[in-house]
Amino acid sequence: MAISLARFYMSKKDYKNSIFWSFKANSLDKNSKESWILFAEAKRALGLENEAQKVLKTYSDFYAFDE
């Protein structure tokens, strides 16, 4: 449900709520690639490029080793 809400808010360009719900989705499943990407995309859309890059690097460093 949290990931669906993150997608919904992203589609409405409500990036702050998308961040909230993608973070919530991530807390439920840290291996969910989609929640990490939605979180980073929303950060980027808000002009927070450095934060977006850190999020993607963290995912890559700690969770993407399975892929």
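So, here is what we can say about the structure in this document.

About the thresholds
- Counting from 1, residues in each chain are numbered in the order their sequence is written.
- It should be noted that, the model being predicted, local features are given only for residues of pLDDT at least 70 and side-chain atom pairs only at 80 or more, the latter also being counted only at that level, while totals for whole chains, interfaces and linings use all residues.
- Neither water nor hydrogens contribute to the side-chain values; these are computed over all heavy atoms in the structure.
- A run of DSSP states H or I qualifies as a helix once it reaches four residues; a run of E qualifies as a strand once it reaches two. Both are numbered from the N-terminal end.
- We compute the radius of gyration from the C-alpha atoms alone; for a globule the expected value is 2.2 Å times N to the 0.38, where N is the number of residues.
- Working definition: with a 1.4 Å probe on protein chains only, accessible area under 20% of the residue-type maximum means buried, over 50% means exposed, and in between means partly exposed.
- Helices are assigned an expected span. That span is 1.5 Å times one less than the residue count.
- Each C-beta atom gives one direction from the helix axis, and the arc is the one those directions make.
- Pairs of residues are marked as contacts when any of their non-hydrogen atoms sit within 4.5 Å.
- Basic side-chain nitrogens of Lys or Arg form a salt bridge, by our definition, when they fall within 4 Å of a carboxyl oxygen of Asp or Glu.
- Two rings from Phe, Tyr or Trp (for Trp, the six-membered ring) form a pair when their centres are within 6.5 Å of each other. A pair whose planes differ by under 30 degrees is stacked, one over 60 is edge-to-face, and the rest are tilted.

Before going further, it helps to examine the overall build of the protein. The secondary structure content of the protein amounts to 4 helices and 0 strands. Along its sequence from the N terminus, the protein presents helices and strands in the succession α-α-α-α. Relative to the globule expectation of 11 Å for 67 residues, the C-alpha radius of gyration of the protein, 11 Å, shows essentially globular dimensions. For the protein, the spread of C-alpha atoms along the three principal axes comes to 30 × 25 × 15 Å. Classification of the 67 residues of the protein by burial places 33% in the buried group.

Time to look at helix α2 (residues 15-28). Along its 14 residues, α2 runs 20 Å from first to last C-alpha, staying within 8% of the 20 Å computed at 1.5 Å per residue. For α2, the complete set of buried residues consists of Tyr15, Ser18, Ile19, Ser22, Ala25 and Asn26. What you see down the axis of α2 is that its buried residues fit within an arc of 130°, all on one side. Counted as exposed and oriented over 90 degrees from the buried face of α2: Lys16, Phe23 and Leu28. On the buried face of α2, the contacting elements are α1 (2-11) and α3 (33-45).

The full count for this structure, using the stated rule, is 4 salt bridges. Between glutamate 51 and lysine 43 there is a salt bridge whose closest N-O contact spans 2.7 Å. Across the pair lysine 57 and aspartate 61 runs a salt bridge, and its minimum N-O distance is 2.7 Å. Here aspartate 61 and lysine 57 lie together in helix α4 (residues 49-62), a separation of 4 residues that amounts to about one turn.

Right, let's talk about the packing of aromatic side chains for a bit. Applying the stated rule across the entire model yields 4 aromatic pairs. Where phenylalanine 8 meets tyrosine 9, the ring centres are 5.2 Å apart and the plane angle is 70°; that geometry is what we call edge-to-face. A relative accessible area of 41% means that phenylalanine 8 is categorised as partly exposed. On the accessibility criterion, tyrosine 9 (22% relative accessible area) is partly exposed. With 5.6 Å between their ring centres and 50° between their planes, tryptophan 36 and tyrosine 59 make a pair best called tilted. Taken as a pair, tryptophan 36 in helix α3 and tyrosine 59 in helix α4 lie far apart in primary sequence, 23 residues in all. You can call tyrosine 59 buried: its relative accessible area is 7%.

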